[in-house]
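Geometric and topological summary
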Amino acid sequence: MNNWLERYIEYVDQTESPIEYHLWTAISILAAAIERKVYLQFGHSRLFCNCYIILIGPPGIGKGIAMSLGSSLLHQLGTVNMAPEDVTREEFIRMMASAQKGFQDKKGHEVLQNPMTCFSEELIVFLHEKDVKFLGSLTNLYDNLEYGWTYATKNKGTDHLVGAWFNLLGGMAPDWMPVIFPQDLVGTGFLSRSVLVVANAKAKVLENPQIGQREELLRKSLMKDLLRVHQTVGTIAFSPSAQNFYGEWYREHERQIALGNPPVHGKNFAGYCNRKKTHLQKISMILAIARSRNFLVEKEDVEEALGYLNNAETKMEAVFSHGNKNRLSEIALNILSYISREKIVLKEDILRKFMTDISIDDLTLIERGLIGAGYIKKIKKDKKPGYEIIERGKN
């Protein structure tokens, strides 16, 4: 198999989305196709290929386009369990429990798994506002507990996931960071297990994108190889040269952290830096599987994966510099307070009241977040669009 990522980047060339969005979307597509069927034995643990990847940037630069193109390929594959973007923690776990399926390992034994992938263009809708319990569950699921994961409810019994596996690609504007993630959880748990991919502008301007036979041929080629990836089952290992390269990198990485020179500075990224080795191993595995490496990760795969992570890290610190400004999240809370007082508010009244603070695009983003978090709902009043507060304890 040729380089699947290179062909994918060629396939999406006629879009304005930043190249890094397309690249990390492609990595998430491959992870979704692999599911829990390939693992790396790392000491006492098994390491699987699931990733948590968050595309971050201002509205309108192409997060949604990048993710929808990737999601389309997974839907065409037809066998990947896709979670909805708006779901409660309890519903999500129920869906994962019902998504159980089996495969045969290399010895012919039936193996059960509960694989689930979510592509969430507005991460606030999926994760909700400061939903600590949901974040905690997703943190546990990332680690693919070998002996299963059990969730008990007060009235609806117990769900036991024997092969829990979750893969996430999300999109968000940087201003939503403090809304989704409580400050005391930043730098630990969920975010330390996530790769933050930041872009600030479109890659190009295309006034008339041209899609033709070339893209169709590329799509067919990508789908053919994606099916091959999906059918891959087995244990993967690092080749001697890959292990030597990884070992040298890891020792130097830890030495630099001890000296106070982590790859990304700031306490918000301490957890990520400590877990970078896991991100590197997972992405190296994905690249090797996409190249049909015969279950061997080669040095080239590790070098390429390290390059992708290093490039992403150059912009990670900007996430929290934006978040500290807190502009959009503060306005969202002010709008929520306004609707809460009035019960029903027209959209034009909000734009008039906050005209010096937000644009129509800003209000659209705030609207999605507040609706997704279950605070307001859309209504019509005198045939004009507006919003109504959702009283606690009511639907």
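Quick note: structure is the one above.
Read on for an overview of the structure. (Residues numbered from 1 in each chain as written. Predicted model: local features only at pLDDT ≥ 70, side-chain atom pairs only at ≥ 80, totals over all residues. Heavy atoms only, no water.)

Moving on, we get to the packing of aromatic side chains. According to the stated counting rule, one finds 17 aromatic pairs in the structure shown. Considering the side-chain rings of tyrosine 52 and phenylalanine 166, the 5.9 Å spacing of their centres and the 70° angle between planes classify their relative orientation as edge-to-face. One end of the pair, tyrosine 52, is in strand S3 (residues 52–56); the other, phenylalanine 166, is in strand S8 (residues 164–172), with 114 residues separating them in the sequence. Each member of the pair tyrosine 52 and phenylalanine 166 is classed as buried. Measuring from ring centre to ring centre gives 6.2 Å for tyrosine 338 and phenylalanine 354, while their planes differ by 65°; the resulting arrangement is edge-to-face. Placement of tyrosine 338 in helix H13 (residues 327–342) and of phenylalanine 354 in the loop between helix H14 (347–353) and helix H15 (360–372) is noted, with a sequence separation of 16 residues between them. A single burial state applies to tyrosine 338 and to phenylalanine 354, both of which are buried. Pairwise contacts between aromatic rings join Tyr52, Phe92, Phe126, Phe134, Tyr142, Phe166, Phe181 and Phe190 into one cluster. (Phe/Tyr/Trp six-rings, centres within 6.5 Å; stacked < 30°, edge-to-face > 60°. Helix = DSSP H or I, 4+ residues; strand = E, 2+ residues; numbered from the N terminus. Buried < 20%, exposed > 50% of the residue type's maximum accessible area, 1.4 Å probe, protein only.)

Close approach of charged atoms allows side chains of opposite charge to pair. Counting across every chain of the model gives 22 salt bridges. Close ionic contact of arginine 291 with glutamate 304 constitutes a salt bridge, the shortest N to O distance being 2.3 Å. Of this pair, arginine 291 sits in the loop between helix H11 (270–290) and strand S11 (296–297) while glutamate 304 is found in helix H12 (residues 299–325), placing the two residues 13 residues apart along the sequence. For the salt bridge of glutamate 303 with lysine 299, the shortest nitrogen-to-oxygen distance reads 3.9 Å. Highlighted residues: glutamate 303 and lysine 299, both in helix H12, separated by four residues, approximately one helical turn. Here glutamate 303 falls in the partly exposed class, since its relative accessible area comes to 37%. Residue classification places lysine 299 among the partly exposed residues on the basis of a relative accessible area of 35%. Among the ionic contacts, a cluster of salt bridges with common partners joins Arg291, Glu300, Asp301 and Glu304. (Salt bridge = Lys/Arg side-chain N within 4 Å of Asp/Glu carboxyl O.)

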